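Below are the chains, spelled out letter by letter.
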Amino acid sequence: RKPLVLLIFSEEFLGSLEIFPLYLLGSFFFLISYILGTAFLAKKSLKVYLAINITQSVVCVVVFAVIVGRSGLMAIAISYLASNLLSAAASGIYQTARMGLKISVQNIRLFILSIAFILFVFFVSGNSAASCAVNIIILILWALFVVGRREKAVLMSFVRNRFS
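About the criteria used
Residues numbered from 1 in each chain as written. Predicted model: local features only at pLDDT ≥ 70, side-chain atom pairs only at ≥ 80, totals over all residues. Heavy atoms only, no water. Axes fitted to C-alpha atoms, helices over the stretch in contact; angles between N-to-C directions. Helix = DSSP H or I, 4+ residues; strand = E, 2+ residues; numbered from the N terminus. Parallel < 35°, antiparallel > 145°, perpendicular 65-115°, else oblique. Left-handed = near helix turned anticlockwise from the far one by under 90°. Nonpolar A, V, L, I, M, F, W, Y, C, P; charged D, E, K, R; others polar. Patch = residues over 30% accessible without salt bridge, like charges linked within 9 Å, V, L, I, M, F, W, Y side chains within 5 Å. Areas by Shrake-Rupley, 256 points an atom, 1.4 Å probe, with all protein chains shown as cover. Salt bridge = Lys/Arg side-chain N within 4 Å of Asp/Glu carboxyl O. Contact = heavy atoms within 4.5 Å. Expected span 1.5 Å × (residues − 1). Buried < 20%, exposed > 50% of the residue type's maximum accessible area, 1.4 Å probe, protein only. Polar contact = N/O pair within 3.5 Å; in protein donor to acceptor, adjacent residues only side chain to side chain. Core = buried A, V, L, I, M, F, W, Y, C linked by side-chain atoms within 4.5 Å. 1 Å grid on protein atoms, 1.4 Å probe; cavity = no way out; pocket = protein on both sides within 12 Å on 5 of 7 lines; lining within 4 Å. Points joined across faces, edges and corners; volume = space filled by probe spheres on them.

A. A look at the packing of helix H3 (residues 46-71) against helix H4 (residues 74-98). In the contact formed by H3 and H4, the axes pass within 8 Å of each other and the chain directions differ by 155°. Taken as axis vectors, H3 and H4 run roughly antiparallel relative to one another. Our pair here, H3 against H4, has a crossing hand that is right-handed. Across the contact of H3 with H4, the residue classes tally to 17 nonpolar, 8 polar and no charged.

Right, here's the structure in full:
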């Protein structure tokens with residue numbers, strides 16, 4: 001965690017190491033929610049979009065208010081994760097049921113392996129050089145499982161053009 005915090009932020013953020021894993025997982029669900037939410041705007045479903053986003057904000061504030069006394073600083077990350085998980089789930093369920101979203105096996109595999117990767121890297125591994133090496137190997141394995149042939153071809157073309 002520490003090398004990633006230093007890479008992305010600075011030494012002033014080292015105190016956030018304990019909340020970083022939950023916050024990163026919350027950001028993953030935020031990204032999923034954001035991507036799914038753009039379809040609401042494209043399909044002129046502004047009421048659904050606003051309902052999900054207002055509910056997300058309310059849930060974040062309520063969860064924080066309820067648990068801050070027991071969880072302290074961790075309440076920030078927990079409320080962020082809970083609200084974004086709810087938003088992503090609501091957006092996905094609505095789009096699947098009402099807007100014809102089809103979820104492929106590859107999408108499910110990407111989703112599950114991405115969550116597993118985040119959970120392993122930030123909850124199981126440590127801060128040592130050996131842990132960083134293991135995380136890099138796991139990242140490569142993750143990419144082998146989730147990156148399709150078309151994406152691999154585009155990536156290889158990019159690498160060849162960039163470094164030749």
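B. Here's a closer look at a nonpolar patch on the surface. Together, Leu41, Leu46, Leu50, Ile54, Val58, Val62 and Val66 make up an exposed nonpolar region whose accessible area comes to about 620 Å². Here the nonpolar patch takes 6 residues from H3, the largest share from any one element. Examined against the element boundaries, Val58 turns out to sit in helix H3.

C. Examining the packing of helix H2 (residues 20-42) against H3 more closely. Packing of H2 against H3 leaves a shortest axis separation of 8 Å and a crossing angle of 155°. It follows that H2 is roughly antiparallel to H3 by the angle criterion. Note on packing geometry: the crossing formed by H2 with H3 is left-handed. Residues Phe30, Gly37, Phe40 and Leu41 of H2 pack against Leu46, Val48, Tyr49, Ile52 and Gln56 of H3. Residue composition of the contact of H2 with H3, grouped by class: 7 nonpolar, 2 polar and no charged.

D. Geometry of the side chain of Ser45. Tracing the sequence through the fold places Ser45 in the loop between H2 and H3. In this structure, Ser45 is in contact with Phe40 and Met99, ignoring residues within four places of it in sequence.

E. Just H4, in detail. Taking 1.5 Å of rise per residue, the 25 residues of H4 would be expected to cover 36 Å, and the 36 Å separating its terminal C-alpha atoms lies within 8% of that figure. The elements touched by buried residues of H4 are H2 and H3.

F. Representation of the side chain of Ser87. Relative to the helices and strands, Ser87 is located in helix H4. For Ser87, a relative accessible area of 2% translates into the label buried. Side chain to side chain, Ser87 and Ser33 meet in a polar contact 2.4 Å long. If we ignore the near neighbours within four places in the chain, the residues touching Ser87 are Ser33, Ile52 and Gln56.

G. Looking closely at the nonpolar core. By size, the foremost hydrophobic cluster in this structure holds 10 residues: Ile19, Leu22, Leu25, Phe28, Phe29, Ala77, Leu81, Ala88, Ile115 and Ile118. Among the elements of the structure, H2, H4 and helix H5 (105-124) are those that each provide at least two residues to this core. Apart from residues lying up to four places away in sequence, Leu25 is in contact with Leu81, Ile115, Ile118 and Leu119.

H. Examining the layout of surface pockets more closely. The space that makes up the largest pocket amounts to roughly 600 Å³. Counting only elements with at least two residues in the lining of the largest pocket, the list comes to H2, H4 and H5. Residue contributions to the lining of the largest pocket peak at 7 residues, all from H5. A per-class count over the lining of the largest pocket returns 17 nonpolar, 3 polar and no charged.

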